[in-house]
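Here's the letter readout for the chains.
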Amino acid sequence: MTEDDVNSRIRVAVVIGSVRRPRMADPLAAWLERELTAISWLDLDMIDLASVPLPMHEMQPGGAAASPIAGRLADADGFLFLTPEYNHSFPAPVKNVIDWHFTEWAYKPVAFVGYGASGGIRAVEQLRTVFPELRATTVRESVLLPMPWEHLDADGRFVAPPGTARALGATMNELRTWARALRSLRTADLVGRT
Ligand SMILES: Cc1cc2nc3c(=O)[nH]c(=O)nc-3n(C[C@H](O)[C@H](O)[C@H](O)COP(=O)(O)O)c2cc1C
């Protein structure tokens, strides 16, 4: 790996997984955007699934359908999913965006910020079983936010509880490590042919 590879910026697409109105995702996405724009090595692309039309009846196997965000996902070196937990799993729009695409995920790292009454742990752990099918790897560190609605200030802004900044920092650092390594694999054309 060259010095340029080590120092180069990493493009991270944050995928906002809730499409409800109103939604807890709004203050959490705003908080994440504030935190992530302060990271010097990171180029950020916030993808809000609520404003991305991906009709389920047009989905094609292998990501063959025309997606309005295929280019943005393809340009990303890694992904951060902001996902709530619905009925002990991740919400349908998250599965939908995953299924709509295929090569866009391959040989890239995926990290998670989960939230919900229980912190979103079941949503995150179930997503870990999905991404290997897309040849994506999930990073060990994660951010879990139990009952985030109890951490809103008078203006409705999310005020992260103690420990959250450390968890986010560890998650982003691990995402960067994987993103650099896997970008080297992709650009050196070292990924296997199947
Ligand atoms: C359909 C539905 C199912 C839910 N199931 C769970 C659950 O199984 N576990 C949990 O911790 N929270 C659960 N919740 C609470 C959500 O995690 C919480 O409402 C969260 O704020 C949802 O995120 P959103 O407002 O950004 O969509 C559920 C919420 C909804 C709407």
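Residues numbered from 1 in each chain as written. Predicted model: local features only at pLDDT ≥ 70, side-chain atom pairs only at ≥ 80, totals over all residues.

So, on to the overall build of the chain. Looking only at helices and strands, the chain features six helices and six strands. The N-to-C order of helical and strand elements in the chain reads α-β-α-β-α-β-α-β-α-β-β-α. Its C-alpha atoms give the chain a radius of gyration of 16 Å, within 12% of the compact-globule value 16 Å for 194 residues. Counting only C-alpha atoms, the chain reaches 50 × 45 × 25 Å along its principal axes. Counting the 194 residues in the chain, one finds 35% classified as buried. Contacts in the chain between residues at least 24 apart in sequence constitute 83% of all its contacts with a sequence separation of at least 6. (Helix = DSSP H or I, 4+ residues; strand = E, 2+ residues; numbered from the N terminus. Rg over C-alpha atoms; globule rule 2.2 N^0.38 Å. Buried ≥ 20, exposed ≤ 12 C-beta atoms within 10 Å, placed from the backbone. Contact = placed C-beta atoms within 7 Å.)

A word on the pairing of strand β1 (residues 10-16). Counting buried residues along β1, six of its seven residues qualify, which places the element largely inside the surrounding structure. Where β1 and strand β2 (residues 42-48) come together, seven bridges link them in parallel fashion. Paired with V12 across the strands is L44, a residue of β2. Handedness of the crossover joining β1 and β2 through helix α2 (residues 25-37): right-handed. Pairing of β1 with strand β3 (residues 78-84), which is carried by five bridges, proceeds in the parallel orientation. Within β3, the residue paired with A13 across the bridge is F79. (Pairing = 2+ DSSP bridges. Right-handed = clockwise from strand over helix to strand, strands pointing away.)

Before going further, it helps to examine unusual backbone geometry. Following R21, the chain continues into P22 via a peptide bond in cis, with omega recorded as -10°. Checked against the element boundaries, P22 lands in the loop between β1 and α2. With a phi angle near 60°, R135 is a residue other than glycine that sits in the positive phi range. With respect to the element layout, R135 can be found in the loop between α5 (121-130) and β5 (137-138).

Turning next to the site of the ligand. The environment of the ligand is made up of 13 residues, and the closest members are S18, M24, P84, G116 and A117. Here the shell around the ligand is built from residues that sort into five nonpolar, five polar and three charged. (Near = placed C-beta within 6 Å. Nonpolar A, V, L, I, M, F, W, Y, C, P; charged D, E, K, R; others polar.)

For the rest of this paragraph, the subject is the nonpolar core. Among soluble globular proteins, nonpolar side chains are generally buried collectively. One finds V15, L80, F81 and L82 to be the most contacted residues of the largest nonpolar core, which totals 45 residues. Broken down by secondary-structure element, the contributors of at least two residues to this core are β1, α2, β3, α4 (92-100), β4 (109-116), α5, β6 (143-146) and α6 (164-187). With residues near it in sequence (within four places) discarded, F81 still touches V15, G17, V94, V110, F112 and L127. (Core = buried A, V, L, I, M, F, W, Y, C linked by C-beta atoms within 7 Å.)

Moving on, we get to α2. Side chains of residues three or four places apart in an α-helix project in the same direction, reflecting 3.6 residues per turn. If you check α2, its first and last C-alpha atoms are 18 Å apart, about what 13 residues at 1.5 Å a residue would give, namely 18 Å. A25, P27, L28, A29, W31 and L32 are the residues of α2 that are buried. Buried residues along α2 sit in contact with β1, β2, β3 and β4. (Expected span 1.5 Å × (residues − 1).)

Let's shift gears to the environment of L168. With respect to the element layout, L168 can be found in helix α6. Judged by the 22 C-beta atoms lying within 10 Å of it, L168 is buried. Spatially, the C-alpha atoms of L168 and E141 are 8.3 Å apart, while their sequence positions differ by 27 residues. If sequence neighbours within four positions are ignored, L168 has contacts with E35 and V143.

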